[in-house]
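Architecture at a glance
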Amino acid sequence: MMINKTLNDFVEKVSPQVYFILIGIWYIVYFVTIVGLAYIDPKYVKTLNMIIQFFIAFVLFIRFNPFQKRITCNRNDRIFILASCFFLLVNDEFTDYMRTFFRDRIDRLKTFF
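Describing the overall build of the protein
Counting secondary structure elements, the protein contains four helices and zero strands. Taken over C-alpha atoms, the radius of gyration comes to 18 Å for the protein, far larger than the 13 Å a tight globule of 113 residues would show. A burial count over the protein gives 28% of its 113 residues as buried. Within the protein, contacts between residues at least 6 apart in sequence are counted, and of these 68% link residues at least 24 apart. With the model as given, the accessible surface of the protein reaches about 8,400 Å², and the carbon-plus-sulfur share is 71%. Computing the positive centroid from 14 side-chain charges and the negative centroid from 9, the protein places the two 6 Å apart.

Printed below as a string of structure tokens:
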């Protein structure tokens, strides 16, 4: 149980910063890719996506596993849960829609000029 407590404390202190860095990178990569400012190989985007999903699963498992006798949910946990839900909801379908939306618009502009 001491390892669980130590790991839980570590995740509680480190997870918000790491999560926001990963999500920031994800937003930048998706924005650059969707708008078409640069080409980023989709396998890198998928790899970053998997890293973020594994990180979310790891943090949720450590912080809220059923083997803990007492679970406390602080402000960082609530923000993390909400942001993770948003990430998982928006992740695939919305980005595919936005990618085709912008690609169609850019193709129309190319034919116009």
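What to know about the packing of aromatic side chains
In this structure the tally under the stated criterion is one aromatic pair. A cation over an aromatic ring shows up here: Arg-63 above the ring of Phe-64, its NZ or CZ 5.8 Å from the ring centre.

A closer look at the packing of helix H2 (residues 42-63) against helix H3 (residues 75-90)
Closest axis-to-axis distance for the H2/H3 pair is 11 Å, and the angle between their directions is 145°. Crossing handedness for the pair H2 and H3: left-handed. Residues Asn-49, Ile-52, Gln-53, Phe-55, Ile-56, Val-59, Leu-60 and Arg-63 of H2 form the contact with H3, whose participating residues are Asp-77, Phe-80, Ile-81, Ser-84, Phe-87 and Leu-88. Residue composition of the contact of H2 with H3, by class: nine nonpolar, three polar and two charged.

Comments concerning the nonpolar core
With 16 residues, the main nonpolar core has Tyr-19, Ile-52 and Phe-87 as its most contacted residues. Among the elements of the structure, helix H1 (2-35), H2 and H3 are those that each provide at least two residues to this core.

Some thoughts on H2
If you check H2, its first and last C-alpha atoms are 31 Å apart, about what 22 residues at 1.5 Å a residue would give, namely 32 Å. Taken together, the buried positions of H2 are occupied by Val-45, Leu-48, Asn-49, Ile-52, Phe-55, Ile-56, Val-59, Ile-62 and Arg-63.

Calculation criteria
- Within each chain, residue numbers correspond to sequence positions counted from 1 in written order.
- Since the coordinates come from a predicted model, pLDDT governs what is reported: local features require at least 70, and pairs of side-chain atoms require 80 or more to be given and counted, while whole-chain, interface and lining totals use all residues.
- Only hydrogens and water are set aside; all other atoms, that is, all heavy atoms of the structure, feed into the side-chain values.
- Secondary structure follows DSSP: runs of H or I at least 4 residues long count as helices, runs of E at least 2 residues long count as strands, and numbering of each begins at the N terminus.
- Values of the radius of gyration come from C-alpha atoms, whereas the globule rule sets the reference at 2.2 Å times the count of residues to the power 0.38.
- Exposure classes here rest on a 1.4 Å probe applied to the protein chains alone. A residue is buried below 20% of its type maximum, exposed above 50%, and partly exposed in between.
- Should any heavy atoms of two residues lie within 4.5 Å, those residues are considered in contact.
- Exposure was quantified through the Shrake-Rupley algorithm and a 1.4 Å probe, taking into account, for residues, occlusion by the shown protein chains and nothing else.
- Counted charges follow a simple rule, with Lys and Arg positive, Asp and Glu negative, and His plus the chain ends left uncounted.
- Lys charges are placed at NZ, Arg charges at CZ, Asp charges at CG and Glu charges at CD.
- Each Phe, Tyr or Trp ring (for Trp, its six-membered ring) is paired with any other whose centre lies within 6.5 Å, and the angle between the two planes then decides the class: stacked below 30 degrees, edge-to-face above 60, tilted in between.
- A ring has a charge above it when a Lys NZ or an Arg CZ is no more than 6 Å from the ring centre and no more than 35 degrees off the ring normal.
- Only the stretch in contact is used when a helix axis is fitted, and all axes are lines through C-alpha atoms; the angle between N-to-C directions ranges over 0 to 180 degrees.
- Each crossing gets its handedness from the near helix: less than a right angle anticlockwise from the far helix is left-handed, clockwise is right-handed.
- Three classes are used, and their members are as follows: Ala, Val, Leu, Ile, Met, Phe, Trp, Tyr, Cys and Pro are nonpolar, Asp, Glu, Lys and Arg are charged, and the others, Gly among them, are polar.
- Take the buried Ala, Val, Leu, Ile, Met, Phe, Trp, Tyr and Cys residues and link them wherever side-chain atoms come within 4.5 Å; each set so joined is a nonpolar core.
- The span you would expect from a helix comes to 1.5 Å times its residue count less one.

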